[in-house]
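# Residue-level structure breakdown
Each chain is listed here by its residues.
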Amino acid sequence: MALERDETKPSLWARLNDNDIAYSFFHSPLAMTAALVTAIMVLSSLAAPLIAPFDPFDPAQISLWDGKKPPFWEAGGDPAYLLGTDNQGRDMLSTILYGGRISLMVGFAAVFFGMFLGVMLGVISGYVGGWFETLIMRLADIQLTIPGILTAILINGILRSVLPPELRDELAIYVVILAIGLSDWPQFARVARGATLVEAKKEYIQAARVIGLRPYLIMARHIVPNVMRPVLVLATIGLALAIIAEATLSFLGQGVPPTTPSLGTLIRVGNEYLFSGLWWITFFPAIALVVLVLAVNLLGDWLRDTLNPKLR
């Protein structure tokens, strides 16, 4: 008689409890709150064309006569504009939703570019060694002595100066992405290089060399996947810094053009009217930026502590 097999499978919750990362997440109220806030802000920004009351890019939906209206609960407010309007008559809630899209797009793209460049240079320098490693690490050391925002401003200014005047506003977002990414690569390179030095001494790498696997295949197939854990933690924290960098550049007039409602642009525009009593033009975009950056930072701190047993 054949033995009966137990077809009972563990529940999803039981499987999550067996996973260290999932267990840590679901037992950390702070991490769950940060993830929930981040998800809400990211999804609402992505769905801005669907949920925003107005389209701030559509001139037909903007009226200068409605400019500088206060929030609806104050005297002179209009229920059609829940958070009031800016100096151009754009609905503040709509501009924040659309501005969040631009800030998040710049942040993600800049972090991805900086991570790709830094990991590539870090892995190659750690695996190849020699003069190439010395050159890359000394360049990284020199750049790390300069504050990242100053490096981003310098790179942004150089890139803008070489562009034709008629293309500067059109390519402003891409210039900001390159500037922030180029200012962030040294951190990723140092982390990737350190992890590569550890991985290169392990037996599976030695075995790959013995069987004649080419160096670029060893780096791509074996080393890169094993150095991504600390890199992803750094990228999560770097996302918040990239969003702040974009807001800083836009606030200083070095970021996206004034016609593009990123969070930094909205804060800069509102700052001009702050002492005129139009506090809402600066206040609401600033609160959105603070909440987004804080949530991403808390999520990054939780991920760092979870993936690093020494910090537990």
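Residues numbered from 1 in each chain as written. Predicted model: local features only at pLDDT ≥ 70, side-chain atom pairs only at ≥ 80, totals over all residues. Heavy atoms only, no water.

What counts here: UniProt positions are given in the numbering used here, feature names are shortened, and annotations may be inferred rather than shown by experiment.
Labelled according to an unreviewed UniProt entry, the protein appears under the name ABC transporter permease, originating from Nisaea acidiphila. Taken directly from UniProt, the Subcellular location (unreviewed entry) text for the protein runs: "Cell membrane". Per UniProt, the protein carries the Sequence similarities (unreviewed entry) text "Belongs to the binding-protein-dependent transport system permease family."

### Quick look at the UniProt feature "domain: ABC transmembrane type-1" (unreviewed entry) in the protein
Put simply, the rule reads: Secondary structure follows DSSP: runs of H or I at least 4 residues long count as helices, runs of E at least 2 residues long count as strands, and numbering of each begins at the N terminus.
Look at the UniProt record and you will see "domain: ABC transmembrane type-1" (unreviewed entry) annotated at residues 100-300. End-to-end, the C-alpha atoms of residues 100-300 are 19 Å apart, and along that stretch the chain is 83% helix and 0% strand.

### Details of the packing of helix α12 (residues 263-271) against helix α13 (residues 280-307)
Heads up, the rule is: Here an angle of 0 to 180 degrees is reported between the N-to-C directions of two axes, which are lines fitted to C-alpha atoms, with helices fitted over the stretch in contact. Every angle not falling under 35 degrees, over 145, or within 65 to 115 is termed oblique; those three ranges are roughly parallel, roughly antiparallel and roughly perpendicular. Here a crossing is taken to be left-handed if its near helix is turned anticlockwise relative to the far helix by less than a right angle, and right-handed if that turn runs clockwise. Any two residues having at least one pair of non-hydrogen atoms within 4.5 Å are treated as being in contact.
Between α12 and α13, the shortest axis-to-axis distance is 8 Å and the interhelical angle comes to 150°. Regarding the angle of α12 to α13, the classification is roughly antiparallel. Regarding α12 and α13, the two cross each other, and that crossing is left-handed. Of α13, the residues touching α12 (which contributes L263, L266, I267, V269, G270 and N271) are I281, T282, P285, A286, A288 and L289.

### Focus: the pattern of salt bridges
Worth spelling out the cut-off: Throughout this description, the term salt bridge denotes a Lys or Arg side-chain nitrogen within 4 Å of a carboxyl oxygen of Asp or Glu. Exposed residues in this analysis have more than 50% of their type's maximum accessible area, buried residues have under 20%, and partly exposed residues fall in between, with area computed by a 1.4 Å probe over protein chains only.
This structure, assessed with the given rule, holds seven salt bridges. Between D141 and R138 there is a salt bridge; the shortest N-O distance is 2.8 Å. With D141 and R138 both in helix α6 (residues 130-144), this residue pair falls three residues apart, about one helical turn. A relative accessible area of 24% means that D141 is categorised as partly exposed. Residue R138 is classed as partly exposed on the basis of its relative accessible area, which comes to 43%. The closest approach of N and O atoms between D141 and R190, which form a salt bridge, is 2.6 Å. Of this pair, D141 sits in helix α6 while R190 is found in helix α9 (residues 172-199), placing the two residues 49 residues apart along the sequence. Its relative accessible area of 41% is what places R190 among the partly exposed residues.

### Details of the confidence of the model for the protein
Under the convention used in this document: Confidence scores per residue from the predictor, reported as pLDDT, run from 0 to 100.
Here the protein averages 83 in pLDDT, while 92% of its residues score no lower than 70. Within the protein, helix α5 (residues 92-128) carries the highest mean pLDDT (90), whereas helix α1 (residues 12-18) carries the lowest (57). A low-confidence stretch, residues 1-6 stays under pLDDT 50, and its non-local contacts, those more than four residues away or across chains, total zero contacts.

### Quick notes on the UniProt feature "transmembrane region" (unreviewed entry) in the protein
The residues that UniProt annotates with the feature "transmembrane region" (unreviewed entry) are residues 21-48, 102-127, 231-253 and 273-300. In residues 102-127, helix accounts for 100% and strand for 0%; the two terminal C-alpha atoms are 37 Å from one another.

### Quick look at helix α11 (residues 215-251)
In an α-helix, one turn spans 3.6 residues; hence positions three or four apart end up facing the same way. Heads up, the condition is: A helix is expected to span 1.5 Å for every residue after the first. Note that bend, as reported per residue, equals the angle between axes fitted to the 7 residues terminating at that residue and the 7 residues originating from it.
Taking 1.5 Å of rise per residue, the 37 residues of α11 would be expected to cover 54 Å, yet its terminal C-alpha atoms sit only 45 Å apart, more than 12% below that figure. At M228, α11 shows its maximal bend, which comes to roughly 45°, and the proline P230 appears one to four places after that position. Immediately downstream of α11, the backbone of G253 shows phi near 80°, a positive value.

### Regarding the nonpolar core
Test applied: Only buried Ala, Val, Leu, Ile, Met, Phe, Trp, Tyr and Cys residues count toward a nonpolar core, and they belong to the same one when joined by side-chain atoms within 4.5 Å.
Core analysis: the largest hydrophobic core is formed by 53 residues, its most contacted members being I180 and I223. Residue assignment for this core shows that the elements contributing at least two residues are α3 (29-46), α5, α9, α10 (203-210), α11, α12 and α13. With near-sequence residues (within four places) excluded, I223 lies in contact with V123, Y127, T196, I205 and I218.

### So, a nonpolar patch on the surface
Basically, it comes down to this: Without a salt bridge and with relative accessible area above 30%, a residue can belong to a patch; like charges are then joined within 9 Å and nonpolar side chains (Val, Leu, Ile, Met, Phe, Trp, Tyr) within 5 Å. Shrake-Rupley sampling with a 1.4 Å probe provides the accessible areas, and residues are treated as covered by the protein chains on show and by no other component.
Taken together, F72, W73 and L82 make up a surface patch of nonpolar side chains, about 320 Å² in accessible area. Counting through the fold element by element, L82 comes out in the loop between α4 (48-51) and α5.

### Details of the side chain of D86
Here is the rule we go by: Polar contacts here mean pairs of N or O atoms no more than 3.5 Å apart (in protein, one a potential hydrogen donor and the other a potential acceptor; neighbouring residues in sequence count only if both atoms are side-chain atoms).
By secondary structure assignment, the location of D86 is in the loop between α4 and α5. A residue is classified by how much of its surface remains accessible, and D86, at 1% relative accessible area, is buried. Among the polar contacts listed, one links the side chain of D86 to the backbone nitrogen of Q88, at a separation of 3.0 Å. For D86, the side chain forms a polar contact with the main-chain nitrogen of R90, separated by 2.8 Å. When neighbours within four sequence positions are excluded, D86 is seen to be in contact with G67, K68, M92 and I281.

### Structural notes on the packing of aromatic side chains
Quick note on the threshold: Any Phe, Tyr or Trp ring, taking Trp's six-membered ring, that has another such ring centre within 6.5 Å forms a pair; planes under 30 degrees apart are called stacked, those over 60 apart edge-to-face, and the others tilted.
Applying the stated criterion across every chain yields a total of eight aromatic pairs. Between F72 and W73, the aromatic rings sit 5.4 Å apart at their centres with planes inclined by 80°, giving edge-to-face as the arrangement. Centre to centre, the rings of W279 and F284 are 5.7 Å apart; their planes meet at 50°, and the pair counts as tilted. The partly exposed category is assigned to W279, whose relative accessible area is 28%. With a relative accessible area of 13%, F284 lands in the buried category. By the ring-pair criterion, three or more aromatic residues cluster together here, those being F72, W73, W279, W280, F283 and F284.

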